[in-house]
Amino acid sequence: QVQLVESGGGLVQAGGSLRLSCAASGSIFSSDRMGWYRQAAGKQRELVATVSSGRITNVADSVQGRFAISRDNAKNTVYLQMNNLKPEDTAVYYCNVHRWGRLDYWGQGTQVTVSS
């Protein structure tokens, strides 16, 4: 089992920055892909960014150039640095671990609110 705990969300003005962290505990494999998804009110959950064990990243077009994902394998932690935040970035952000192409583990989510 994998447990994920997110932190770092909050309220920020447009143009500001936040850094999300997700600490994973339990059985974490080096091959696990880690990432962030978000869900705004009334919308479906969407991919924000993922990072593989080899640190290959995939970042959504909507946040390209503003958000950066990274991971620390020694700490089993994944980070999301969010810069130049916009009101449309307001959502609950979820940490994800994807394993073997078929298993997904999710955190409880952290709220990010960007005021205009």
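Right above here is the structure, for reference.
Please read all numbers here as calculations on a predicted model, not as lab measurements.

(A) Representation of the environment of Gly35. On the secondary structure map, Gly35 appears in strand β4 (residues 33–39). What makes Gly35 buried here is its relative accessible area of 0%. Contacts of Gly35, omitting those with residues within four sequence positions, involve Ala49, Thr50, Ile69, Tyr94, Cys95 and Asn96.

(B) Spotlight on the nonpolar core. Formed by 29 residues in total, the largest nonpolar core has its most connected members in Trp36, Leu80, Met82 and Tyr93. Among the elements of the structure, β1 (2–7), β3 (18–26), β4, β5 (46–51), β7 (67–72), β8 (77–82), β9 (91–99) and β11 (110–115) are those that each provide at least two residues to this core.

(C) Focus on the sheet that holds β3. Strand order in the open sheet formed by four strands is β1-β3-β8-β7, with antiparallel pairing between adjacent strands. The sheet terminates laterally at β1 and β7, the two strands that pair on one side only. Here the average twist between neighbouring strands, direction ignored, is 15°. Inspection of the sheet shows β1 paired to β3 by six bridges, in the antiparallel sense. The residue of β3 that forms the bridge with Ser7 is Ser21.

Reading the values: the criteria
Residues numbered from 1 in each chain as written. Predicted model: local features only at pLDDT ≥ 70, side-chain atom pairs only at ≥ 80, totals over all residues. Heavy atoms only, no water. Helix = DSSP H or I, 4+ residues; strand = E, 2+ residues; numbered from the N terminus. Buried < 20%, exposed > 50% of the residue type's maximum accessible area, 1.4 Å probe, protein only. Contact = heavy atoms within 4.5 Å. Core = buried A, V, L, I, M, F, W, Y, C linked by side-chain atoms within 4.5 Å. Pairing = 2+ DSSP bridges. Axes fitted to C-alpha atoms, helices over the stretch in contact; angles between N-to-C directions.

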